[in-house]
Structure formats: C-alpha cells, structure tokens
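Per-entry structural report
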Amino acid sequence: MTIATPLLSVADLAVTVPGPSGPWTAVAGIDLALARGETLGLIGESGSGKTLTGLALLGLLPSGARVTARRLTFDGQDLRGGEPVLAPLRGRRLGMIVQDPVGAFNPAKRIGWHMRAVLRRRGDRRPDAAACWLSAVGVRAAERVLAAYPHQLSGGMLQRVLIAMVGALEPDLIVADEPTTNLDAVVARQILDLIREQQNRTGCAVLFVTHDLAAARHLCDRVAVMVAGTIVEIGPASAVLEAPRHPYTRGLIATVRSLAARDPILVEMVGEPGRRETGGCPFLSRCPHADPLCRSDPPGLSALRPDHFLRCHHPDV
Amino acid sequence: MSLASRWRTPRMRILDAVSLSLAPGEIVGLVGESGSGKTTLGLTLVGRHRPTQGTIHLGGSPVALGTPAQRRLQMVFQDPLASFNPRRRVGDAVRLALDVHRIGPPSARGDIVQALFSQVGLSSEHAARFPHALSGGQLQRVALARALATRPDFIVADEPVSKLDVSVRAQILNLVRRMNAETGVGLLFITHDLAAAQFLCHRIAVMYLGRIVELGTPDAVLGRPRHPYTARLVAGTAYDGAAGMDPRLGAREACFYASACSRRLPRCTQERPPLDETGLACFHPKDLPPEPGRAAIPALA
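Residues numbered from 1 in each chain as written. Chains lettered and ligands numbered in written order. Predicted model: local features only at pLDDT ≥ 70, side-chain atom pairs only at ≥ 80, totals over all residues. Heavy atoms only, no water.

Brief notes about the pattern of salt bridges
Residues and elements named next belong to chain A. Basically, it comes down to this: Any Lys or Arg side-chain nitrogen located within 4 Å of an Asp or Glu carboxyl oxygen qualifies as a salt bridge. Strands are runs of DSSP state E lasting at least 2 residues, helices are runs of H or I lasting at least 4, and numbering of each runs from the N terminus. For every residue, the accessible area (1.4 Å probe, protein chains only) is compared with the maximum for its type, and the residue is labelled buried under 20%, exposed over 50%, or partly exposed between those bounds.
Tallied over the full model, the rule gives 25 salt bridges over all chains. Two residues, Arg-217 and Glu-242, come together in a salt bridge whose shortest N-O distance is 2.5 Å. Here Glu-242 lies in helix H9 (residues 237-242) and Arg-217 lies in helix H8 (residues 213-219), a separation of 25 residues in the sequence. When its relative accessible area of 37% is taken as the criterion, Glu-242 is described as partly exposed. Salt bridges sharing partners connect three or more residues here, namely Arg-36, Asp-75, Arg-93 and Asp-172.

Okay, here's the thing in structure tokens:
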C-alpha cells in the first residue's frame, strides 16, 4: 500500500457514533491510500462501516459522530482541520455520488436549476453548458430533462444527471456510495461505465463504496473488504475477488459462485452481519477457523504480497 | 389459480390482459425490469389492488377481497424493516396473524408461534425482540414465519432477498426452497435476479410493460429465450427506456416491445401478439438478428 505520492492518505481512522449505551466506535484502524486516477472499492455488508468511512473523508458524518485519525491528508492538506479545510474542497475538488439520487435533488426545482448551480460554481456561463454536460453522460433529450422536475425522471436518469453534475465539477476525488444499488442490472452497468469514462477524462480518483462484488470487480483497481468496522483484506481487485484469503471474503465468494454454479442447495455463510466487538478478531463470531488466539488477540494487517494485505491469524487454513 | 387483471389509473394501464396460473406448490418467478408491473401484479393477487377487469381464482372459486379466502394468500415484502410495526415485538406480529384469522385455540397460539420461529431457524429469544433489534436476514425469516402462520396456499414474495447482504441471501433462498418442500406452499417469486429465479423456480414469467411476454421452465426461458426482450434481459443488454415515450400511453393494439425491437415488422405495430400456448407473445421468434446492446456487469467467475 505504499503509493509514492498518494492523493488521499489515511492512517488509523476511527469513527465514533452516539449509541443507546453511550458513544460507540463503529469504525477503527482504517489505513488507506489512494493514487490519482485510481479506483478503490470499499466492500462490506450493512453495518460494516463502509459508508461511515466514505462520509468521514468528506466531513459529512451525521451530527454527534466524531472522527479521529493519525493521518488524514488530501493532496497535502490535513483534513483533520475540519470544516474550514473541507468546506472549500467539497463540491470543487471532492465530489460525491449517493445511493439515492432522489434525495440529492430539491424536489421543488427543475433539473436545469440544479445543473446551473453547479456550473456557476465552476464559473461556466455558456448558455448550452448544462445540455453539453448532460449529453456527455448519454442523455439524448437534454432539453427535456433540464425542464423536468426530479420526480418526473427515473432513478437511472437522475443518477446520470448526478454524474453529469459531479463531472462538471471535475473533482480530484469522487466518493461513490452504492451508486447502482437501487438500479436495474442493465442501467447499473451504464452508470458504472459513465463513472469510468469520467475518470478516464479527468484522471480523478474514485472511492467506490459497495456491497456488490461483481460491480467492484468491474470497476475497481483495488478493493478493501470491511468487516465490523475494520479492513480485513485489501489488495488488487483480481486477487481479492478471485483468490480471496480472508475467511469472510472466501465465504462471500463461495456463496456467489454456488448460485452461479446452480447448486441444488446453496453454500451458506454462517451467522449474520454483526456489530463491532471489543477485543479479538472482528470476524470472530462467524469464523469457522476461530481459536483461542483469535479470541484474545485482534490480528494485525500483514502483507501476503507487497500489494495484498490480510488481517487474519490463520491465512493458510 | 388464474388471473386476468386490467389495472387502470386515470393515465396508464399498468397491467394489461395478464393471465397466469399456478399449480399447488409451484414456484413461479416473475422477472422483468423496474416498472414492468411485477409488484403491481403481486399486490393485485393478494388483494391490495382491485383489478379494473378480470378475476382471481383460488382452488377453482373466485376470490373476493376481504373474505376468508384472503388467509390463503400471503405476502413477503422487499424491505423487511418497513414491513413490521416498529413498536410491536416480532413474536407478537406473528401472533397477530393467528389472532386475526382465528387459527388454533387461543391457548395454543403461543406454541404455534414458537414452532413457526424454529421452522425458520430462529429462537424464542428472537421472538421477544423488536424489529430494529434484528438483522435484515433475521427479519426476513420472521416475515416468512408470519406469512406461513395462516397456512397459506400461496405466498407472493416481492424481491425478498434483494435488500439483504450477499452473505445472507443464500440462507434465505435455501430457507424458501425448504419451506416450499416441507409445507407445499406455492410461491410467486418476484425478482430481477435471474440467478436466484433459476435456483428457486419451477417456471418463470417474463414481464415487459405490464404484459407477460414469455413463460416457461427456467432452462427454456433463461437458457433458450425465444422472445427478443427475454434474450436481451438474459444477455443483460441495454435498453434505453428513457429514450422514447412509454408505449403504454399510446396505441394498445401493438406489441409494446416493437419500438425497441430489431425484429419489428409492420404487423407488430398493428396487432398485439397474445401469449400463445407455448408461452410466447411474439410474432417473430426466430431467424432474426440478435438484439444489439451492451452487456450488464459480468458475474464473478
């Protein structure tokens, strides 16, 4: 994970959120580096902390949540400075694509109003600029879309508009949080391809937060797998998703392969996604290979190869 | 059971001349894109919508809304958390189904609830929890237990695994298959996940804009699709539905797929192809070029 001059560099990031029984550390010990033009997938199930991690980088956590990190830099700027540092970056050099595009628009304003707001920020005053950016994401009837209210467009079309808006900002880093989860498979592919085209055009880095393994394999250079608030495996997408080493990743891939192989009874993973426990391995309660060592000592992230890291006491079981 | 419903809003006919029958204990998959009318058909079957036209028969007799026959039709929804009352313990939610339909003597209903929970792999400890204290997969198990509580002939399951984590999906799909084998309950499995449909279903119906365009065994429909839309769906190739006007707003006496179809002939825009006895609604199933387009996200190898 040593990138010469990373765009984004994160060391020992933790997020603490308020809970019914006091503050609770939902994410801990996150180390990440992201190079310009690179796509890193952040894979995990619900409650694994992948969305919190993405939001923490942009300073968009819900109120009451607290971020700590040993290092949190974006292009040399220390993001630990909070809003004074982040506010000028967001919407200019840091962009975001959200899961629910409907919620990203003001329902009382037409699409054109939203596009113009973004273009003003960029200083682009060409009369046909909004239509240009929409046609860049494959919207054919741009004028009709610009005149529409958000509720008049499909989820896929709104997601396109959102990508056009992010594209117009030409940010250096885009955090895409489950951008295809609410879409049909066919539309999802189109959206992923648009994100990639955007990246090829501007050379931006993308942090792609998802639970969709196929989408991650399709889009990402590297992936990080999160379990209970911690990265348990990180490496090239091909290595992690085709020859996984962590028991969680292996179990996940086995269930997906089982469905594709038309097994009469599907291979199941044991247990349910759980919360972060203190002490021990984050995957302890669901792991078929857990032993006393896993209960007493949380495993550290160790290198299998120079670019493939694993958090497990039993990498060869 | 058969259904022919025409669901009309002031502006648009969402389901159009849909006929479908399920044998006892059969699992029929309903696949298609968002907006094709899958969910509307499911909700109409369980009496949530009143069809503008057509009837629903259960075991040979027509079903009227709000009658005891409704007990025999149950529903499992996509979003497990939204389908439970947040202020009612999940065991009580299952118990409510027994109370409403007066199943078993009141003194025995607690035991029936226990039995249902263990049938879906949960304990009495889970039954005492509120919905927010259960995971998505656990809640979907409770939803299945609640649906089974009334001993239905038939359950409409609307995307029951699409909101669940990948690690949990296989558990629920295996459970649904086991429930079907153990209790003989039939299932309308609404999904856009073709692999899941292939795993669970005895037959698959493909819907496009409110009409069934192809119906048959999974191997036939997904393995050797005959309708050009099914071929496109299976290949996962793109159809830019946003490009044109919704055909449902225009002439009904046409194939709705005609405007997107590379095999279109004049007849297709003048006449509607009916679903024939082989389970196909297309005038030109063969010997025409494959549908162009871009593939969906490739599956993991």
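As for the packing of helix H6 (residues 155-169) of chain A against helix H7 (residues 185-202) of chain A
Residues and elements named next belong to chain A. Rules: Axis definition: a line fitted to C-alpha atoms, limited for helices to the stretch in contact. Angles are taken between N-to-C directions and run from 0 to 180 degrees. Note that the term roughly parallel is reserved for angles under 35 degrees, roughly antiparallel for angles over 145, roughly perpendicular for angles of 65 to 115, and oblique for everything else. Whether two residues are in contact is decided by their heavy atoms, any of which lying within 4.5 Å being enough. Side-chain classes are defined by residue name, with Ala, Val, Leu, Ile, Met, Phe, Trp, Tyr, Cys and Pro counting as nonpolar, Asp, Glu, Lys and Arg as charged, and the others, Gly among them, as polar.
Between H6 and H7, whose axes approach to 10 Å, the crossing angle comes to 5 degrees. When the interaxial angle is binned, H6 and H7 end up roughly parallel. Counting all contacts with H6, which are made through Gly-156, Gln-159, Arg-160, Ile-163 and Gly-167, the residues of H7 involved are Val-187, Gln-190, Ile-191, Leu-194, Ile-195, Gln-198 and Arg-201. Split by residue class, the contact of H6 with H7 holds five nonpolar, five polar and two charged.

Here's the deal with the pairing of strand E7 (residues 94-97) of chain A
Residue and element names in this part refer to chain A. As a reminder of what qualifies: Being paired, for any two strands, means DSSP has found at least two bridges between them.
Side chains Leu-94 and Met-96 of E7 all project onto a buried face; the interleaved residues Gly-95 and Ile-97 project onto the opposite face, where all are buried too. Bridge count for E7 against strand E8 (residues 173-177) is four bridges, and the pairing is parallel. Each bridged residue has a counterpart across the sheet, and for Ile-97 the counterpart in E8 is Ala-176.

Things to note about the interface of chain B and chain A
Heads up, the rule is: Reported buried area values correspond to the accessible surface (1.4 Å probe) lost by two parts on association, with both partners' losses combined. Polar contacts here mean pairs of N or O atoms no more than 3.5 Å apart (in protein, one a potential hydrogen donor and the other a potential acceptor; neighbouring residues in sequence count only if both atoms are side-chain atoms).
Facing 37 residues of chain B, the contacting portion of chain A comprises 40 residues. Approximately 3200 Å² of surface area, both sides summed, lies buried where chain B meets chain A, with 54% of it carried by carbon and sulfur atoms. Applying the counting rule to chain B against chain A returns one salt bridge. Residues A:Arg262 and B:Asp219 are paired through a salt bridge, measuring 3.8 Å at the closest nitrogen-oxygen approach. On the surface where chain B and chain A come into contact, there are eight residue pairs in polar contact (both at pLDDT 80 or more). Breaking the side of chain B that touches chain A down by element, the ones donating at least two residues are helix H5 (136-149), helix H6 (166-183) and helix H7 (194-200) of chain B.

Thoughts on the pairing of strand E9 (residues 205-210) of chain A
Residues and elements named next belong to chain A. Note the cut-off: Handedness rule for crossovers: strands pointing away from the viewer, path from the first strand over the helix to the second running clockwise, crossover right-handed.
When you tally the buried positions in E9, you get six out of six residues, the bulk of the element. Residue alternation in E9 divides its side chains into two sets, Ala-205, Leu-207 and Val-209 and Val-206, Phe-208 and Thr-210, and both sets are buried. Relative to E9, strand E3 (residues 39-44) runs parallel, the two sharing five bridges. Considered in E9, the bridge of Gly-41 is made with Phe-208. Across five bridges, E8 lies against E9 in parallel orientation. Across the sheet, Val-175 pairs through a bridge with Leu-207, a residue of E9. Assessed by its sense of winding, the connection that carries the chain from E8 through H7 to E9 is right-handed.

Concerning the confidence of the model for chain B
Any residue range with low pLDDT should be treated as having predicted coordinates unsuitable for detailed reading. Residues and elements named next belong to chain B. Note the threshold: Per-residue confidence from the predictor is given as pLDDT, running between 0 and 100.
When the pLDDT values of chain B are averaged, the result is 85; 84% of them are 70 or greater. For the stretch residues 240-244, pLDDT sits under 50, and the model shows four contacts to residues farther than four places along the chain or on other chains. For this predicted complex, the interface confidence score (ipTM) comes to 0.79, while the overall pTM stands at 0.84.

Examining the packing of aromatic side chains
Test applied: By convention, a stacked pair of Phe, Tyr or Trp rings (six-membered ring in the case of Trp) has centres within 6.5 Å and planes under 30 degrees apart, an edge-to-face pair has planes over 60 apart, and any other such pair is tilted.
Inspection of the entire model under this criterion finds four aromatic pairs over all chains. Where A:Tyr248 meets A:Phe283, the ring centres are 5.6 Å apart and the plane angle is 75 degrees; that geometry is what we call edge-to-face. Of this pair, A:Tyr248 sits in helix H10 (residues 247-260) while A:Phe283 is found in the loop between H10 and helix H11 (292-296), placing the two residues 35 residues apart along the sequence. We note that A:Tyr248, like A:Phe283, is buried. Ring centres of B:Tyr208 and B:Tyr229 lie 4.5 Å apart, and the angle between their planes is 50 degrees; on these two criteria the pair is classed as tilted. One end of the pair, B:Tyr208, is in strand E9 (residues 203-208); the other, B:Tyr229, is in helix H9 (residues 228-235), with 21 residues separating them in the sequence. As far as the burial class goes, B:Tyr208 and B:Tyr229 line up, both buried.

Some details on the UniProt feature "domain: ABC transporter" (unreviewed entry) in chain A
What counts here: UniProt positions are given in the numbering used here, feature names are shortened, and annotations may be inferred rather than shown by experiment.
UniProt's entry tags residues 8-253 of chain A with the feature "domain: ABC transporter" (unreviewed entry), counted in the numbering of this structure. Helix and strand shares over residues 8-253 of chain A are 38% and 26% respectively, and the end C-alpha atoms of the span are 29 Å apart.

Brief notes about the sheet that holds strand E10 (residues 222-227) of chain A
Residue and element names in this part refer to chain A. The strand order across the open sheet built from eight strands is E7-E8-E9-E3-E10-E11-E13-E12, with neighbouring strands paired in mixed fashion. Since the sheet does not close on itself, it has two edges, and those belong to E7 and strand E12 (302-305), each with one partner. The mean angle between the axes of side-by-side strands here comes to 20 degrees, regardless of whether they run parallel or antiparallel. As judged from the two bridges shared by strand E11 (residues 230-236) and strand E13 (residues 308-310), these two strands associate in the antiparallel manner. Among the inter-strand pairings, Glu-233 is bridged to a residue of E13, identified as Leu-310. Sitting on the sheet, H7 touches E3, E7, E8 and E9, and the angle it makes with E9 is about 160 degrees. Along the sheet, H10 makes contact with E3, E10 and E11, crossing E10 at roughly 105 degrees.

Some points on the packing of helix H2 (residues 90-100) of chain B against helix H3 (residues 109-119) of chain B
All names here are of chain B. Test applied: Crossing handedness follows the turn of the near helix against the far one: under a right angle anticlockwise gives a left-handed crossing, and clockwise gives a right-handed one.
At a minimum axis distance of 10 Å, the contact between H2 and H3 shows a crossing angle of 120 degrees. It follows from the interaxial angle that H2 and H3 lie oblique. Note on packing geometry: the crossing formed by H2 with H3 is right-handed. Of the residues in H3, those in contact with Val-90, Gly-91, Val-94, Arg-95, Leu-98 and Asp-99 of H2 are Arg-109, Gly-110, Ile-112, Val-113, Leu-116 and Phe-117.

As for H3(B)
Residue and element names in this part refer to chain B. This is how it is decided: Note that the arc is defined by the directions from the helix axis to the C-beta atoms.
The complete set of buried residues in H3 reads Arg-109, Val-113, Leu-116 and Phe-117. Along the axis of H3, the buried residues cluster in a sector spanning 100 degrees; they form a single face. Facing away from the buried side of H3 by more than 90 degrees, the exposed set consists of Asp-111 and Ser-118. Those residues of H3 that are buried lie in contact with H2, helix H4 (124-127) and H5.

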